Amino acid sequence: MTRFGYTLMGEQSGPRELVRYAQAAEDAGFDFEVSSDHYSPWLVSQGHSPYAWTVLGAVAHATSHVELMTYVTCPTMRYHPAVVAQKAATLQILSEGRFVLGLGSGENLNEHVVGQGWPNVDVRQDRLIEAIEIIRELHSGELLTYQGEHFRVDSARIWDVPDTRVEIGVAVSGEESIASFAPMADHMIAVEPKSELVQLWDDARRTDAGPGTDGGSRKIGQIPISWDPDRDTAVQRAHEQFRWFGGGWPVNAELPTPAGFEAASSFVRPDDIAASIPCGPDLDELAESVRPYLDAGFTDVALVQIGDEEQERFLAEAAGPLLERLRALA
């Protein structure tokens, strides 16, 4: 059975609101909640970007059973992997075993802020490989000294190690990244509903006998929707808040500022958004938009309800009936 999640999107909501939405999403029946981990919003008009790990700590105490996940954290520039290992272990304890660490190679938008430039994609992937090695080793609770090409760890130890191992999901986009990360991670993260990604991931894990090869490896996707009782309002909000989405991840990983995304998306029309993101009050239409992920073999799909102003109404009025339709499809 496919699991359905709710996205705590820090780019469009403040920290107190996100905690409140997390509680409401659990009450509405979502299976898991994923949190973005940004330093900046995609667009100036979104206007928010609180620190994800503080928010998740509050969410861990404000909820009781819903699974939590970063979607995704870059553990290679803005954060050193030894610090990510400590944060993840602590959050696993606070959530009583409900946390999955989602990792990726990052976006220039968030990582350039520490003044170390923005390396090419091959270097970013190599750094992520070392970061995962470090995080795995530190989660053993043993003392670690590590010297890699990109990172050094000097006599580090995680003192509060959770009883439940922190599972790791990694964002991938094709054959090369899957070959690198499938043997190292528990779960696959992808934002395109491509069945070949699922097949490549499963094949790689069977070949390399990595963690979770007992069939427990999940394939976790995400899709934006813009629910509103008025379709025109839903389209307009999606255009204002989410027109950056159309650039695709090869573009989205490279632009350095919200102003850059504003400029790059200035020619995107509301009609373009309406053609690519499901908008409006029709819950059957919104549910049907998830079908490509189901057909591709994804086990988990997180929804992004676009915009802050209708989050509470969406969670109170639409989320429950929408989840019923999604589970019927699955």
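Residues numbered from 1 in each chain as written. Predicted model: local features only at pLDDT ≥ 70, side-chain atom pairs only at ≥ 80, totals over all residues. Heavy atoms only, no water.

> What's the story with the packing of helix 3 (residues 81–94) against helix 5 (residues 121–138) in this structure? I'm lost.
In contact at an axis separation of 9 Å, helix 3 and helix 5 are set at 45 degrees when each is read in the N-to-C sense. As summarised for this structure, helix 3 and helix 5 are arranged oblique, according to the angle between their axes. At the point where helix 3 passes helix 5, the crossing takes the right-handed sense. Contacts from Pro81, Ala82, Val84 and Ala85 in helix 3 reach Ala131, Ile134, Ile135 and Leu138 in helix 5. Broken down by class, the residue content of the contact of helix 3 with helix 5 amounts to eight nonpolar, no polar and no charged. (Axes fitted to C-alpha atoms, helices over the stretch in contact; angles between N-to-C directions. Helix = DSSP H or I, 4+ residues; strand = E, 2+ residues; numbered from the N terminus. Parallel < 35°, antiparallel > 145°, perpendicular 65-115°, else oblique. Left-handed = near helix turned anticlockwise from the far one by under 90°. Contact = heavy atoms within 4.5 Å. Nonpolar A, V, L, I, M, F, W, Y, C, P; charged D, E, K, R; others polar.)

> Can you help me understand the environment of Asn120 in this one?
Structurally, the position occupied by Asn120 is in the loop between helix 4 (108–111) and helix 5. Residue class for Asn120 comes out partly exposed when judged on its relative accessible area of 48%. For the pair formed by Asn120 and Ala296, sequence separation is 176 residues and the distance between their alpha carbons is 30 Å. Within the structure, the side chain of Asn120 is placed 3.0 Å from the backbone nitrogen of Val123, a separation counted as a polar contact. (Buried < 20%, exposed > 50% of the residue type's maximum accessible area, 1.4 Å probe, protein only. Polar contact = N/O pair within 3.5 Å; in protein donor to acceptor, adjacent residues only side chain to side chain.)

> Would you take a moment to explain the pattern of salt bridges for this structure?
Between side chains of opposite charge, a pair can form as their charged atoms come close. Taken as a whole and judged by the stated rule, the model has 20 salt bridges. The salt bridge partner of Arg20 is Glu312, with a shortest N-O separation of 2.6 Å. Of this pair, Arg20 sits in helix 1 (residues 15–28) while Glu312 sits in helix 14 (residues 311–329); the two residues are 292 residues apart in sequence, bridging distant segments of the chain. A salt bridge links Arg78 to Asp37, with the shortest nitrogen-to-oxygen separation between them at 3.5 Å. With Arg78 in the loop between strand 3 (67–70) and helix 3 and Asp37 in the loop between strand 2 (32–35) and helix 2 (52–62), this pair connects stretches of sequence that are 41 residues apart. The residues Arg78 and Asp37 share a single accessibility class, namely buried. Sharing partners across several salt bridges, the network here consists of Arg3, Glu67, Arg218 and Asp300. (Salt bridge = Lys/Arg side-chain N within 4 Å of Asp/Glu carboxyl O.)

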